Amino acid sequence: MINRYETVFILTPVLSDDQVKEAVKKYESTLKDLGAKLTHKDHWGLRKLAYPIQKKTTGFYHLFEYELEGEKIAKLELDMKRDEKIMRFLTVKMDKHHITFAENRPTRNKKAAKAEA
């Protein structure tokens, strides 16, 4: 059964911009290889962490929203666990309320308006 998921992951702050883009592309292609339909992606940039992780206080945040079969999530998460560039990640199955909230998120609408202009 195909469900909608949201994955947020934090990349280590010691990476260059090119390395960050490369890591994001890697996971985009991993999702596509698994048969996912990517509905939204967002780069939140370098942000301060709530608590230190691996003695680091900042990280590059990224968000993917996609549709995928539930049993294939384990493959994506295993790849993320093995990648030393990723400090943390969280995958959440979106229910109908979460999907509505995500689609009406103000930051998402601003970016869509800029893209159309």
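Look a little higher up for the structure.
Residues numbered from 1 in each chain as written. Predicted model: local features only at pLDDT ≥ 70, side-chain atom pairs only at ≥ 80, totals over all residues. Heavy atoms only, no water.

Engineer: Which residues make up the packing of aromatic side chains, and what are the values?
Structural biologist: One pass over the structure, following the stated rule, counts four aromatic pairs. For the pair W44 and Y61, a centre-to-centre distance of 6.1 Å together with 25° between the ring planes defines the contact as stacked. Of this pair, W44 sits in strand β2 (residues 37–53) while Y61 is found in strand β3 (residues 56–69), placing the two residues 17 residues apart along the sequence. The exposure class assigned to W44 is partly exposed, which follows from its relative accessible area of 30%. Site record: aromatic cluster; members linked through ring pairs are F9, Y27 and F64. (Phe/Tyr/Trp six-rings, centres within 6.5 Å; stacked < 30°, edge-to-face > 60°. Helix = DSSP H or I, 4+ residues; strand = E, 2+ residues; numbered from the N terminus. Buried < 20%, exposed > 50% of the residue type's maximum accessible area, 1.4 Å probe, protein only.)

Engineer: Which residues make up the pairing of β3, and what are the values?
Structural biologist: Working note: regular strand, side chains alternate between the two faces of the sheet. When strand β1 (residues 2–11) meets β3, the two strands line up antiparallel, connected through ten bridges. When the bridges of β3 are listed, I2 appears paired with E69. Relative to β3, β2 runs antiparallel, the two sharing eleven bridges. Bridging from a neighbouring strand, I53 pairs with K56 of β3. (Pairing = 2+ DSSP bridges.)

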